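# Secondary and tertiary structure notes
Here are the chains, one letter per residue:
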Amino acid sequence: MKTSKERIALVTGANRGIGKQVSIDLAKQGIYVLIGARNPGEAADTLAAVQAVGKGEILPLDVSKEQSISEALDTITGSFGKLDILVNNAGIFADPGSFFDTTSEDLHRTLLVNLYGPLRLIQTFLPMMIQNDFGRIVNVSSGMGQLSDMGGGYPAYRISKTAINALTNVASAEGVGKNIKINSVCPGWVKTDMGGANATRPVEQGAETIVWAATLPDNGPTGKFFRDKKEIGW
């Protein structure tokens, strides 16, 4: 079992893009990073990058499957005895675009990964954090789910991100007074496989506020929505 003084972080969907960069940036701060990946073989580059600046390992994890989450809990409990930081980064964008073309299957697949997975992970690991009187949970959201600035199209993705913001609010209430910080972060339009080549932000900028929220001090905010380290409206 690793030393209890070392912070342990789990980043989901960490095999590429924002999750990969968040893993690297956390490792640079001396945090032991569990690189959550549905296909562990695809996370080799992230592992190499993490180990070049710090410490970590690959954790097989498919957030859409209950059995996979249970196995992750067993591994983390057995190897570390705790989890200090959870970054719910894994997500999919299944919409074809038009409001009328999105099917119920598109919505179901999107919610399974973008909402149900984070919900089950928080339900799984928050009790451990409460017991240890320390926890930082970051739900990677999007301005596309921001009700105060909602546009048209892409209903499955938008609804999933509005829902994860609701999850942030609901879950954060469970950690009040227990040194638990649970926040949503919009990374902006980032150059990743999901964001596409026309995106305006490099992955390093997209990861910055997520890492900030994952390492908040004890007097930091909770139950809020952030972009560029500034609170934004729901």
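Cut-offs used in this document
Just so you know, the residues in each chain are numbered from 1, in the order the chain's sequence is written. Local features in this predicted model are restricted to residues of pLDDT 70 or higher, and side-chain atom pairs are both shown and tallied only at a pLDDT of 80 or more, whereas totals for entire chains, interfaces and linings draw on every residue. Working from all heavy atoms in the structure, the side-chain values ignore hydrogens and water. UniProt positions are given in the numbering used here, feature names are shortened, and annotations may be inferred rather than shown by experiment. Going along the chain from the N terminus, every DSSP run of H or I of four or more residues is numbered as a helix, and every run of E of two or more is numbered as a strand. It is over C-alpha atoms that the radius of gyration is taken, and the globule rule equals 2.2 Å times the number of residues to the power 0.38. Only protein chains enter the accessibility calculation, which uses a 1.4 Å probe; a residue whose area is less than 20% of its type maximum is buried, one above 50% is exposed, and one in between is partly exposed. Residue contacts follow a heavy-atom distance rule, with two residues in contact if any of their heavy atoms lie within 4.5 Å. Only the protein chains shown count as cover for residues, and all accessible areas are computed by the Shrake-Rupley method using a 1.4 Å probe. None of His or the chain ends enter the tally, which takes Lys and Arg as positive and Asp and Glu as negative. Lysine's charge is taken at NZ, arginine's at CZ, aspartate's at CG and glutamate's at CD.

Per an unreviewed UniProt entry, the recorded name for the protein chain is NAD(P)-dependent dehydrogenase (Short-subunit alcohol dehydrogenase family), and the organism is Leptospira meyeri. The record in UniProt for the protein chain states the following under Sequence similarities (unreviewed entry): "Belongs to the short-chain dehydrogenases/reductases (SDR) family."

### Thoughts on the overall build of the protein chain
Looking only at helices and strands, one finds six helices and eight strands in the protein chain. Overall, the protein chain shows an N-to-C arrangement of helices and strands of β-α-β-α-β-α-β-α-β-α-β-α-β-β. The C-alpha radius of gyration of the protein chain comes to 16 Å, within 12% of the 17 Å expected for a compact globule of 234 residues. Considering only C-alpha atoms, the protein chain reaches an extent of 50 × 40 × 35 Å along its principal axes. Of all 234 residues assigned to the protein chain, the portion counted as buried reaches 51%. For the protein chain, contacts bridging at least 24 residues in sequence account for 69% of all contacts bridging at least 6. Per element, the accessible surface of the protein chain, about 10400 Å² overall, is 52% carbon and sulfur. In the protein chain, 23 side chains carry a positive charge and 23 a negative one; their mean positions are 5 Å apart.

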